[in-house]
Amino acid sequence: EKGGYDHFMLKEIFEQPTTIYDCLRGRLDAAAGTITMAGVQQYAEQIINANRIVIIACGTSWHAGLVAEYIIEELCRINVEVEYASEFRYRNPVINKGDVIIAISQSGETADTLVAIESAKEKGAIILGVVNVVGSSIARASHAGAYTHAGPEIGVASTKAFTAQLTVLMMIALKVGYMKGSISNDRYRQLLNELDAVPEKAAWVLNHHEHIKSIAEKYKDARDFLYLGRGYNFAIALEGALKLKEISYIHAEGYPAAEMKHGPIALVDENLPVVFVATKDIYHEKVVSNMQEIKARKGKLLAVITEGDETSKAICDDVMIVPEADEVIAPLINVIPLQLLSYYIGVAKGCNVDMPRNLAKSVTVE
Ligand code: M6R
């Protein structure tokens, strides 16, 4: 059942070129320039005219929501808020009729997310579910939605479900942005082609797993890790840190790279690995200067960088290289080396990576 892999987590990481492809299949037609999503189509008017979109989720699914916030705001020019389901449900949030809520959940059974959307629904919000498990409670409680089609995820740490969530959310953003007219035809067509190329690029990253394994061996005894990124990759830094905590029990924190000066930089010494998500995008120059600041304080500098970026490579202790991708699409690829890094560190430390202590696959009690 593990298909020849040592763990479900590794199998699921390696399935991503296929699961992303399956998620795109039947929806994205790059040649025709179309995205077919019946659930989104059905509520198209309401979404386009929404005053705001509220994304509700927990854990890794919440990180997918954060990436989506940046992308939807950029492509659709609609205000997006991302909420932890547990906070949203208890604080008497302001919900106006016509607000659009996107609930993201792998299992479709997370109690806090379910209750949050049920109460928002009573107040007149439209609920779109981005869910992996077909027929699950959150899928049923939603007005419409789009399944992620990643197949069963057994590893407690979410991997392929996360990239499938990002794939669906990117398609929603593109479809809505195009219908609304907030992105140009050229940009739309360009991003469809970029999305279409993701399965191939994900496979390229996975082919370089041996190199990431050697990095894992080198840093497995660190006590703490810091993960930093900006913009579209800020949430990927958070996700990298969460994955490492869950799988290896190493303390890790993720921050927006510019926040480091406001506190976290005090942690930096020669023992601290700092992992930057530093692929080429509009923030790149700023990220490189943050990297130099870490280096000046003797932190161990690791980074996910774009193929061919020799300047960044030269200042890092170790790099994880990914193929060039449009900045909007890049988070989908950039998370994969971080999943592998956590996996190999967890295995090197002898941890039970498929079933980390104290965690359950779905949190059905609050
Ligand atoms: O099934 P859900 O997506 O609603 O689950 C949300 C979180 O419980 C989940 O992402 C959790 O954080 C994972 N262990 C992350 O790897």
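Residues numbered from 1 in each chain as written. Predicted model: local features only at pLDDT ≥ 70, side-chain atom pairs only at ≥ 80, totals over all residues. Heavy atoms only, no water.

The name given to the chain in an unreviewed UniProt entry is Glutamine--fructose-6-phosphate aminotransferase [isomerizing], with the source organism recorded as Niabella ginsengisoli. Listed under Subunit (unreviewed entry) in UniProt, the entry text for the chain is "Homodimer." Taken directly from UniProt, the Catalytic activity (unreviewed entry) text for the chain runs: "D-fructose 6-phosphate + L-glutamine = D-glucosamine 6-phosphate + L-glutamate". (UniProt positions renumbered as here; feature names shortened; annotations may be inferred.)

Caption draft 1: Highlighting the pattern of salt bridges. A full pass over the atoms with the stated rule returns 16 salt bridges. The salt bridge partner of Asp-22 is Arg-25, with a shortest N-O separation of 3.3 Å. Lys-220 is the salt-bridge partner of Asp-221, the closest N and O atoms lying 3.4 Å from each other. Within the structure, one salt-bridge network assembled from shared partners comprises Lys-11, Glu-15 and Lys-160. (Salt bridge = Lys/Arg side-chain N within 4 Å of Asp/Glu carboxyl O.)

Caption draft 2: The packing of aromatic side chains, seen in detail. One pass over the full model with this rule turns up seven aromatic pairs. For the ring pair Tyr-178 and Tyr-188, a centre distance of 3.8 Å and an interplane angle of 15° mean the geometry is stacked. In this pair, Tyr-178 sits in helix α9 (residues 160-180) while Tyr-188 sits in helix α10 (residues 185-196), placing the two residues ten residues apart along the sequence. Residue classification places Tyr-188 among the buried residues on the basis of a relative accessible area of 3%. Centroid distance Tyr-232 to Tyr-283: 6.5 Å. Interplanar angle 75°. Geometry classified as edge-to-face. Taken together, the positions of Tyr-232 in the loop between β8 (224-229) and α13 (234-248) and Tyr-283 in the loop between β10 (273-277) and α14 (284-296) put the pair 51 residues apart, joining distant regions of the chain. Overall, the relative accessible area of 4% leaves Tyr-232 in the buried class. Here the aromatic residues Tyr-70, Tyr-232 and Tyr-283 are joined through ring pairs into a cluster of three or more. Its end group placed over the ring of Tyr-249, Arg-357 keeps NZ or CZ at 3.7 Å from the ring centre. (Phe/Tyr/Trp six-rings, centres within 6.5 Å; stacked < 30°, edge-to-face > 60°. Helix = DSSP H or I, 4+ residues; strand = E, 2+ residues; numbered from the N terminus. Buried < 20%, exposed > 50% of the residue type's maximum accessible area, 1.4 Å probe, protein only. Lys NZ or Arg CZ within 6 Å of the ring centre and 35° of its normal.)

Caption draft 3: How the structure looks around the confidence of the model for the chain. Averaged over every residue, the pLDDT of the chain is 96; residues scoring 70 or more account for 100%. Listed scores for the predicted complex are pTM 0.97 and ipTM 0.99. (pLDDT = per-residue confidence, 0-100.)

Caption draft 4: Quick peek at helix α12 (residues 209-219). All buried positions along α12 are accounted for by Ile-212, Ile-215, Ala-216 and Tyr-219. Here the buried residues of α12 occupy an arc of 105° about the axis, which is enough to place them on one side. Against the buried residues of α12 lie β8, β10, β11 (300-306), β12 (318-322) and α16 (330-348). (Arc of directions from axis to C-beta. Contact = heavy atoms within 4.5 Å.)

Caption draft 5: Structural view of the site of the ligand. Taken together, 13 residues lie near the ligand, and Ser-61, Ser-105, Gln-106, Thr-110 and Glu-246 sit nearest. Note that a nitrogen atom of the ligand is positioned 2.6 Å from one of the side-chain N or O atoms of Glu-246. Mapped by element, the contributors of at least two residues to the shell around the ligand are α5 (59-76) and α13. Take the shell around the ligand: its biggest share by element is three residues, from α5. Grouping the constituent residues of the shell around the ligand by class yields three nonpolar, eight polar and two charged. (Near = heavy atom within 4 Å. Polar contact = N/O pair within 3.5 Å; in protein donor to acceptor, adjacent residues only side chain to side chain. Nonpolar A, V, L, I, M, F, W, Y, C, P; charged D, E, K, R; others polar.)

Caption draft 6: Representation of the pairing of strand β9 (residues 251-256) within the structure. Pairing analysis gives six bridges linking β8 to β9, with the strands arranged parallel. By the bridge assignment for β9, Asp-224 is matched with His-251. Considered for its hand, the β-α-β crossover made up of β8, α13 and β9 is right-handed. (Pairing = 2+ DSSP bridges. Right-handed = clockwise from strand over helix to strand, strands pointing away.)

Caption draft 7: View of the sheet that holds β9. If you walk across this open sheet you meet the five strands as β9-β8-β10-β11-β12, and the pairing is parallel. The sheet terminates laterally at β9 and β12, the two strands that pair on one side only. When the angles between neighbouring strand axes are averaged without regard to direction, this sheet yields 20°. Looking at chain direction, β11 and β12 are connected through five bridges and run parallel. Counterpart to Ile-305 in the pairing with β12 is Ile-321. Here α16 sits on the sheet and contacts β8, β10, β11 and β12; the angle it forms with β12, its principal contact strand, is near 135°. (Axes fitted to C-alpha atoms, helices over the stretch in contact; angles between N-to-C directions.)

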